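# Remarks on the overall topology
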Amino acid sequence: MRRLVQLSLALLTVGCSTITAPHASDSAEMMVAAPENLVRAAVIQILVENGYEVFSGDGTQPVLRTGYREEMDSPLDGLHRSRFGRGRSRVEVSIAQENDQATRVTIQVSYEGKDSLFASWQPYVPPLPQSAANQVRLIKNALGLL
């Protein structure tokens, strides 16, 4: 009986240790006719409003990173996730000032999903609300460029 427990623990440990695949990401780049500080504030506002936690260091870093955003949040999450799976996304935004009135913004969205409790995370193409193209649209809208 003891050997059976040790064997099952060993199999669980080996099953949980996998090599992570490189994440497929959706990316977009744009040039915005606005100063860097306004663009940075708009990007942070958009990401926070969409449920991301933004890590920007002291505010002078050219890259903004977010933690994972949980795509589902309801009382029946456990049942829904075990039956249909779940997804999570994170965003990385690079902001570089080209001149006084132009800023280059590069957005990368990584999206991962899994279809059951015991499955591992797999990279997927982000759904439209989390896609890089939609993030560009939201930023332009926040800056009044649309």
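A brief structural summary. What you see is a predicted model; the values in this text were computed from it and never measured. (Residues numbered from 1 in each chain as written. Predicted model: local features only at pLDDT ≥ 70, side-chain atom pairs only at ≥ 80, totals over all residues. Heavy atoms only, no water.)

This brings us to the environment of L143. Note that L143 resides in helix α4 (residues 132–143). For L143, a relative accessible area of 22% corresponds to the partly exposed category. Sequence spacing of L143 and V39 is 104 residues, and the spatial spacing of their C-alpha atoms is 7.4 Å. Not counting the four nearest positions on each side in its chain, L143 is found in contact with V32, L38, V39 and A42. (Helix = DSSP H or I, 4+ residues; strand = E, 2+ residues; numbered from the N terminus. Buried < 20%, exposed > 50% of the residue type's maximum accessible area, 1.4 Å probe, protein only. Contact = heavy atoms within 4.5 Å.)

Within the structure shown, the criterion is met by 5 salt bridges. Note that E92 and R65 form a salt bridge whose closest N and O atoms lie 3.4 Å from each other. Taken together, the positions of E92 in strand β5 (residues 86–99) and R65 in strand β3 (residues 63–66) put the pair 27 residues apart, joining distant regions of the chain. Among the residues examined, E92 registers a relative accessible area of 31% and is labelled partly exposed. For R65, a relative accessible area of 45% puts it in the partly exposed group. Residue E98 is joined to R104 by a salt bridge in which the shortest nitrogen-to-oxygen separation is 3.3 Å. For R104, a relative accessible area of 29% corresponds to the partly exposed category. Here the salt bridges do not stand alone but share partners, grouping E29, E98 and R104 into one network. (Salt bridge = Lys/Arg side-chain N within 4 Å of Asp/Glu carboxyl O.)

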